[in-house]
Amino acid sequence: MTSSRSHAGAPREPDLPPYQVVLTETDWGSLQTAFGSGEDLPRVLTQLLEPDPKVQVTTLWELGELVGHQNTIYEATAPAVMYVAGILTHPAAMTRRPYRDVPIRATLLGWLASTLHDASDEIVARNKEYCPGFLAPGTTVAAFRELRPMLYRAVAPFLRDSQEDVREAAVIAALLLAEHPALAWHRAHLAVHARRILDASSDDPNRRVAWRALEAWGHNPPGQEPLSEEAEDRGPHSDGRGDLEPPF
């Protein structure tokens, strides 16, 4: 894959492979998940394209258990994330969620953000204290983090989506992706989106991601950091199976 230059002279992010290519050309059986090999992942991933939103949401929860159990990045996490990012424009992503009149796309983006948080600068820095080789070249986490420019290109079109839930989930994913040095030129306009999250969102984990991004990029976030230190392990909000229940 090659990169071209944008009209502003900044590097254009590389293309994400089509989700069909990710599905068929990945040797899933050779990749580690939380519960063994990834040989069952093609079935799981394909179910995300089912027209039944309850099947989609349950499948996304199952996928999270396989490739993100206990907030861990596994060998199969990277291609699974690439697949999910690749189906954001698929018609199945526009299925309406149960009990919430917004597209499944918001749930997919929320899942991506939650998974990205598990390999974020904050989590990596914390883990390196106890495991110095955690981010060494060639490690699973290091390889996963190198996908961020490619993933950003798949997420960016939804930063100004007409649906608020989709827009917020895309912003949170983009803020985490923009920790990659190659995406630094996006940070100025992402800071505007981050401030909107702080102004309007009621989701504290999402607000915390926005606040921390502004702080890390020297933008003086307003007020105190959302959430307490005891809540540091909470990443961006991801609905999971909660999407199958009425919002009491």
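This one's a predicted model, so the numbers in the text were calculated from it and none came from an experiment.

Draft legend 1. Region of interest: the pattern of salt bridges. Using the criterion set out here, one finds 13 salt bridges in the structure. A salt bridge links Arg153 to Asp15; its shortest N-O distance comes to 1.9 Å. You can see Arg153 sitting in helix H8 (residues 148-155) and its partner Asp15 sitting in the segment before helix H1 (19-25), a full 138 residues away along the chain. Judged by relative accessible area, which is 36%, Asp15 ranks as partly exposed. A salt bridge links Arg97 to Asp165; its shortest N-O distance comes to 3.4 Å. Of the two residues, Arg97 is situated in the loop between helix H4 (77-86) and helix H5 (104-117) and Asp165 in helix H9 (residues 164-177); the sequence distance between them amounts to 68 residues. What makes Arg97 buried here is its relative accessible area of 6%. Where salt bridges share partners, they join Glu122, Arg126, Arg208, Arg212 and Glu225 into one cluster.

Draft legend 2. Geometry of the packing of H4 against H8. Between H4 and H8, the shortest axis-to-axis distance is 9 Å and the interhelical angle comes to 20 degrees. Comparing the axis directions of H4 and H8 gives the class roughly parallel. As H4 packs across H8, the resulting crossing turns out to be left-handed. Listed contacts from H8 to Val81, Met82 and Ala85 of H4 are Met150, Leu151 and Ala154.

Draft legend 3. Geometry of the confidence of the model for the protein. Confidence in the prediction for the protein averages 88 pLDDT; 87% of positions are at 70 or higher. The low-confidence segment residues 1-7, where pLDDT is below 50, has 14 contacts with residues more than four positions distant or belonging to other chains. This stretch, residues 244-248, has a pLDDT under 50; its non-local contacts, to residues over four places away or in other chains, come to 10 contacts.

Draft legend 4. Inspection of the packing of helix H10 (residues 187-200) against helix H11 (residues 204-216) at higher detail. Running from N to C, H10 and H11 point in directions that differ by 140 degrees, and their axes come no closer than 9 Å. By the angle between their directions, the pair H10 and H11 is classed as oblique. Here the hand of the crossing between H10 and H11 comes out left-handed. Contact with H10, carried on its side by Ala191, Ala194, Arg195, Ile197, Leu198 and Asp199, involves Asn206, Arg207, Ala210, Trp211 and Leu214 of H11 and no other residues of that element. Residue classes in the contact of H10 with H11 are distributed as seven nonpolar, one polar and three charged.

Cut-offs applied
Residues numbered from 1 in each chain as written. Predicted model: local features only at pLDDT ≥ 70, side-chain atom pairs only at ≥ 80, totals over all residues. Heavy atoms only, no water. Salt bridge = Lys/Arg side-chain N within 4 Å of Asp/Glu carboxyl O. Helix = DSSP H or I, 4+ residues; strand = E, 2+ residues; numbered from the N terminus. Buried < 20%, exposed > 50% of the residue type's maximum accessible area, 1.4 Å probe, protein only. Axes fitted to C-alpha atoms, helices over the stretch in contact; angles between N-to-C directions. Parallel < 35°, antiparallel > 145°, perpendicular 65-115°, else oblique. Left-handed = near helix turned anticlockwise from the far one by under 90°. Contact = heavy atoms within 4.5 Å. pLDDT = per-residue confidence, 0-100. Nonpolar A, V, L, I, M, F, W, Y, C, P; charged D, E, K, R; others polar.

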